[in-house]
Amino acid sequence: MAGNEWINGYLEAILDAGTKQTLLHRDRRFSFSALTQLVGELHDKGNGRGAKAAAAGERYSTTKYFVEEVVSRFDDTDLHKTWVKVQTEYDLLKSLRADRHSMQVVATRNSQERNSRLENMCWRIWHLSRKKKQIEWEEARRLAKKKREWEQGSRDAAEDISELSEGEKTELLAGTARSIPSRINSDMQLWTEEEHGKSKHLYIVLISLHGLVRGENMELGRDSDTGGQVKYVVELARALAATKGVYRVDLLTRQISSPEVDSTYGEPVEMLSRAADADRGADADGCGAYVIRLPYIPKESLWPHIPEFVDRALTHITNVARAISEQLAEDGGAAKPIWPYVIHGHYADGGEVAARLAGALNVPMVMTGHSLGRNKLEQLLKQGRLSLEDINSTYRIMRRIEGEEAALDAAEMVVTSTRQEIEEQWGSYDGFDLKLERKLRVRRRRGVSCLGRYMPRMVVIPPGMDFSYVNTQDLIEGDGDISSLISSDRAQSRRDLPPIWSEIMRFFTNPHKPMILALSRPDPKKNVMTLLKAFGECHRLRELANLTLILGNRDDIEGMSGGSAAVLAMVLKSIDKYDLYGQVSYPKHHKQSDVPQIYRLAAETKGVFINPALVEPFGLTLIEAAAYGLPVVATRNGGPVDILKVLNNGVLVDPHDQGAISDALLKLVADKSLWLECRRNGLKNIHCFSWPEHCRAYLSHVEHCRGLGQPSAHCFDLPPPTPEPMSDSLRDLGDDLSLRFSLDDATGELASTAILDDIRRRHETPHASSAKDHAPAGPGRRRHVVVIAADCYDEDGRPGVSDLRRLLQVAMAAVSDAGRVAYVLATGSTVEETMEALRCCNVDPAATFDALVCGSGSELYYPSRDAPEDADYDSHVEYRWPAENVRSTVLQLARLDGAKEDDLAVDEAACRPRCHAFSVKSGDKVRKIDAIRQRLRMRGFRCNLVYARAGTRLNVIPLFASRAFALRYLSMRWSIDLTKFLVIMGEKGDTDYEQLLPGIQKTVTVQGLVARGSERLLRDEDSYKKEDVVPSESHTVSLCESNIASEILCFIQQR
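Positions within a chain are numbered from 1, following the residues in the order the chain's sequence is written. Where local features are concerned, this predicted model is filtered to residues with pLDDT of at least 70; where side-chain atom pairs are given and counted, the filter is 80 or more; whole-chain, interface and lining totals use all residues. Note that water and hydrogens are dropped before the side-chain values are worked out from all heavy atoms of the structure.

A. View of the side chain of Asp 311. By secondary structure assignment, the location of Asp 311 is in helix H9 (residues 306–330). To sort residues, take the accessible area from a 1.4 Å probe on protein chains only and compare it with the maximum for the residue type: under 20% means buried, over 50% means exposed, and anything in between is partly exposed. Judged by relative accessible area, Asp 311 falls into the buried class, the value being 2%. Only DSSP runs of H or I with at least four residues qualify as helices, and only runs of E with at least two residues qualify as strands; both kinds are numbered from the N terminus onward.

Right, here's the structure in full:
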């Protein structure tokens, strides 16, 4: 079947054409009835007309007619009849031809072979049509269900936020325990270099894993991932670094070391610009912009490896924060780390990385989607070739969509290019509701409670352009004249032509004619074939103008990817079909530095630029063309609508209407006064799309989201690691295991009681924390950390004491020198339940563990300290925590239809200020994590959810709270690299089990350690798979059968 895929593709294209194409063919007299009538007329008129009959017969195609009949009249039950009809009518035509000896019959195959081919085609079309119908039906059902859920979520949110009157004010945040600064103010102040630039030393981080990223000679068009987005992020980094007040900009991307790409993509650091490159004046003190390439894996398998990239990025950012602090301290500046002012993620993968980094550092996060997964999924389903399951396995589309949803959860702001992107693209996501966002924004402005709900702010900031090399005044005053440059009678005054001009003009018979320019990747979505047809079939346009197609770079079409090769092959065939030789230029190569000269050539010829894409998210090339004085013709679908509203320099067209395309081009080429008016309008308004204007708007919105005049979010001070005093930790007394496992548990019980008493006191008086409570809780001289994260529970959710005791004994006895290793226990249980489980294991927590991570990561304790609870961690993870507002909503949404109240009930004893705990009576009566999270997002709630204790408890915790995040917090707090962390787990566990596996830490899974897990309650069947989260093969994850001690010793010796 593999060899027949081209047939399936061909038939799919015919089916996609539908009835419109069928009617077109019938208008051209391809139908059987018209042909039969013609043959009958010829039969009646005698011998002199044999040649005409032969010509008519040659125009008849059995296959064409058969497909037309099936496409226009297809019915499952009538398919065999259709095939018989085609065969009968073909035999009739053959007999008519045989009666007239003047009609020469050329039989290339026997009748049996022909019938077999017709039958095979018949069944192929039947299969494809049935498959398309099935996919369409399943997608319609899925969308209808999603629409009902979305409408219900919107209604619920609208009802809840209308409970308070618009005049009712919220409690003053300054007087409450949850002192979270307001992130959005009512009035946005514009960023000015005079006001903001002098006092700021901003560090900005951009994330872009997509495509091949480098500062010079960008290979745009080399593949489908290396396009306008790559150019945008590189130029954005340069432009931000050139803005006064910005100290440093880092563009983080993946390091690619492969013989298939240039070696520059493997360089760890590339300088994009220095402070001296920017015109800042004498007081320039910035570092500039850099491309930072971190070790990574191929794009196709990136999703499960994203945590590794995040961990490496976290290390880099921490080091840079220290370095900037030291540089500024030498100049009398700040001594504390300079954390990122904002982290900006691009595309789905970059957005998820940015969300994780923003959560770890507690800094604002911005997202730019560029192209979105839900739109791609919709397009693929409309094609009808692949089911949702096939699409998901091929493109990892559900994992990509979840990455975009996670970015929406964390984003303060989403930067878009057009309003159409907000309404039609982001509007399809669970995490964004335009109406709800507007209501919440109004309530925040008036000081009215949003009841724990949040929607990211969507802002339209068009991408910028560098116009420094364009003399707009000369372009406005001039009107373009190519004859003075290439005419032979002016050879003495003739300038040297750019090489790319010669490369383009060598195709033309008459290079003096205006040039219509199209510049894009050879991608079917760019709709180049419709442009070629419009040009080829309009004789008037061909007389007046030439056409230039800049379609990436190629050496050999056969060596290119399938889609690109198909487009270029069709271009060459169309040029031959319409005999466009001497009128169309299609050079094989061009460099990025040639692009300005290409625009300039088109402008000199009084030409026109065209972007006929089926859908154009923004249309950066339209701005580039306008900068060189080119009028434009652009698709009316997407960003060009907004661009032309500002520039007023061209015409919008329906990309499917080749007549409209040719008419628009002809109008601009033929009417010189209109051409000149459009040229001048574009040049006059182009400043609206400059990079300085873009950066000014960008920084204004970021400052607005951070909250002007509000205290900044809490960040780490990153003190240098220092040994703890001997009295601060009982564990430094030596390797006497009696302090860890006391048969006489009186000491451990007293320590546990003191810890619990202190925790209760702090919960009752939340303002009682002192400066000492915020002091770093370091592990002293220990340089390795062993994390016990095994979820040992029985089927009723009770701790598996025997398994836990055995694990603790082996893990603690593995290291003879107790001062070398810090121990951490990470669990989904409460701190009281954890203390009780340790007491049953005869373990003293204060003498055994340096830290306890409880409540699935919602709380962090240091058992050996006087103030065991980490107040800094509490404030760190509290971001967007809806507190009591979400409790009743979870009860309503988590129960399945028909479930009883006691199937899911609030567990008051296990609830904490940052953890709502619910007891689960039966896992069959509650929804899975993905389904609950989706419904909460639709209502504006941003939470993390974990089924713990063998699925008998549901923990609802803050968005950035998790056991995996707590380990990264400790790594930064203790200044111990994450590669020196060893995590010991079972083969299953709570639903956050998968989050603990990936990353740069060492992970050991112990066979048979955990009998029951909660993974059955994690995700639905149509969601992404485990292999999209956890790498199938990783050098940091190993399986251990029983010898845990040797694994720990080996880990310490190697690191």
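Next, the rest of the story.
B. Layout of the sheet that holds strand S20 (residues 916–920). Strand order in the open sheet made by the four strands is S19-S20-S22-S21, with antiparallel pairing throughout. Edge positions in the sheet fall to strand S19 (904–906) and strand S21 (943–948), since each of these pairs with one other strand and no more. Going from strand to strand, the sheet's axes swing by 25° on average, the running direction of each strand aside. In the sheet, S19 pairs with S20 via three bridges, with the strands oriented antiparallel. Bridge pairing links Ala 905 to Ser 919 in S20. Lying over the sheet, helix H33 (residues 887–894) contacts S19, S20 and strand S22 (953–958), oriented at roughly 170° with respect to S19. Between any two strands, pairing holds if DSSP finds at least two bridges. Working convention: axes come from line fits to C-alpha atoms, limited for helices to the stretch in contact. Angles between N-to-C directions cover 0 to 180 degrees. Contact criterion: two residues are considered in contact whenever any of their non-hydrogen atoms come within 4.5 Å of each other.

C. Inspection of the packing of aromatic side chains at higher detail. A pair of aromatic rings is counted whenever rings of Phe, Tyr or Trp (Trp by its six-membered ring) have centres within 6.5 Å, and the orientation is called stacked for planes under 30 degrees apart, edge-to-face for over 60 and tilted otherwise. Taken as a whole, this structure holds eight aromatic pairs when the rule is applied. Taking 4.9 Å as the distance between ring centres and 75° as the angle between the ring planes, the aromatic pair formed by Tyr 873 and Tyr 969 counts as edge-to-face. In this pair, Tyr 873 is assigned in helix H32 (residues 871–877) and Tyr 969 in helix H35 (residues 963–974), connecting sequence segments 96 residues apart. The pair formed by Tyr 873 and Tyr 969 is uniform in burial state, with each residue classed as buried. Connected via pairs of aromatic rings, a cluster forms that spans Tyr 599, Phe 609 and Tyr 628. Geometrically, a charge over a ring is one whose NZ (Lys) or CZ (Arg) sits within 6 Å of the ring centre while staying within 35 degrees of the ring normal. Here Arg 399 stacks its cationic end above the ring of Tyr 1024, 5.6 Å away from the centre of that ring. Over the ring of Tyr 454 we find Arg 880, and its NZ or CZ is 3.5 Å from the ring centre.

D. Layout of the sheet that holds strand S18 (residues 859–861). Strand order in the open sheet formed by seven strands is S18-S17-S16-S15-S23-S24-S25, with mixed pairing between adjacent strands. The open sheet has two edge strands with one neighbour each: S18 and strand S25 (1037–1040). The average angle at which neighbouring strand axes cross in this sheet is 20°, direction not considered. Summarising the sheet, strand S17 (residues 851–854) and S18 pair through three bridges and their orientation is antiparallel.

E. Structural context of the side chain of Arg 942. With respect to the helices and strands, Arg 942 occurs in the loop between helix H34 (929–938) and S21. Residue Arg 942 is classed as buried on the basis of its relative accessible area of 1%. Not counting residues within four places of it along the chain, the set of residues in contact with Arg 942 comprises Leu 408, Asp 409, Gly 431, Tyr 454, Met 455, Pro 456, Arg 880, Pro 882, Arg 937 and Leu 959.

F. Seen up close, the confidence of the model for the protein chain. Mean pLDDT over the protein chain: 79, with 72% of residues reaching 70 or higher. Every residue in residues 101–109 is under pLDDT 50, and counting partners more than four places away or in other chains gives eight contacts. pLDDT is a residue-level measure of predictor confidence that goes from 0 to 100. For residues 163–186, every residue scores under 50 in pLDDT, and the model assigns this stretch 50 contacts once sequence neighbours within four places are set aside.

G. Structural context of helix H23 (residues 620–627). Of all the eight residues making up H23, eight are buried; the element is thus mostly covered by neighbouring parts of the structure. All buried positions along H23 are accounted for by Leu 620, Thr 621, Leu 622, Ile 623, Glu 624, Ala 625, Ala 626 and Ala 627. Downstream of H23 by a residue or two, Gly 629 has a phi angle that is positive, lying close to 80°.

H. Fine view of the environment of Ala 237. Structurally, Ala 237 is set in helix H8 (residues 228–241). Sequence separation between Ala 237 and Leu 251 is 14 residues, and the spatial gap between their C-alpha atoms is 6.7 Å. Every residue in contact with Ala 237, bar those within four places of it in the chain, is listed here: Leu 206, Val 249, Leu 272 and Ala 289.

I. Highlighting the nonpolar core. By nonpolar core we mean a set of buried residues, namely Ala, Val, Leu, Ile, Met, Phe, Trp, Tyr and Cys, connected to one another through side-chain atoms within 4.5 Å. If you look at the biggest cluster of nonpolar residues, it comprises 102 residues, and the most contacted ones within it are Ile 207, Leu 357, Met 365, Trp 426, Val 787, Leu 970 and Trp 974. With 10 residues, the top contributor of residues to this core is H9. Formed by 38 residues, the second largest nonpolar core is a distinct cluster that contains Leu 547, Val 571, Leu 666 and Leu 674.

J. Representation of unusual backbone geometry in the model. One non-glycine residue with positive phi stands out, namely Asn 362, at about 60°. Inspection of the secondary structure puts Asn 362 in the loop between helix H10 (347–361) and strand S6 (365–368). Within the chain, Arg 949 stands out as a residue other than glycine whose phi angle is a positive 55°. Looking at the element boundaries, Arg 949 is found in the loop between S21 and S22.

K. Layout of the pairing of strand S2 (residues 246–255). Within S2, nine of the 10 residues are buried, which leaves the element mostly enclosed by the surrounding structure. Relative to S2, strand S1 (residues 202–207) runs parallel, the two sharing six bridges. The partner of Ile 204 across the bridge, within S2, is Val 249. Direction of pairing for S2 relative to strand S4 (residues 288–295): parallel, over a ladder of eight bridges. Note on S4: the bridge partner recorded for Gln 255 is Pro 295.

L. Geometry of the pattern of salt bridges. In the sections that follow, a salt bridge refers to a side-chain nitrogen of Lys or Arg positioned within 4 Å of a carboxyl oxygen of Asp or Glu. Tallied over the full model, the rule gives 47 salt bridges. Asp 654 serves as the salt-bridge partner of Arg 636, at 3.5 Å between the closest nitrogen and oxygen. Taken together, the positions of Arg 636 in the loop between strand S13 (632–635) and helix H24 (640–647) and Asp 654 in the loop between strand S14 (650–653) and helix H25 (658–670) put the pair 18 residues apart, joining distant regions of the chain. The class for Arg 636 is partly exposed, based on a relative accessible area of 48%. Each of the salt bridges in this network shares a partner with another, and the network as a whole consists of Glu 402, Asp 409, Arg 937 and Arg 942.

M. Structural detail: the environment of Leu 541. By the element assignment, Leu 541 lies in helix H20 (residues 539–544). Judged by its relative accessible area of 0%, Leu 541 falls in the buried class. Non-local contacts of Leu 541, meaning those with residues more than four positions away in its chain, are made with Ile 516, Phe 535, Ser 662, Leu 665 and Leu 666.

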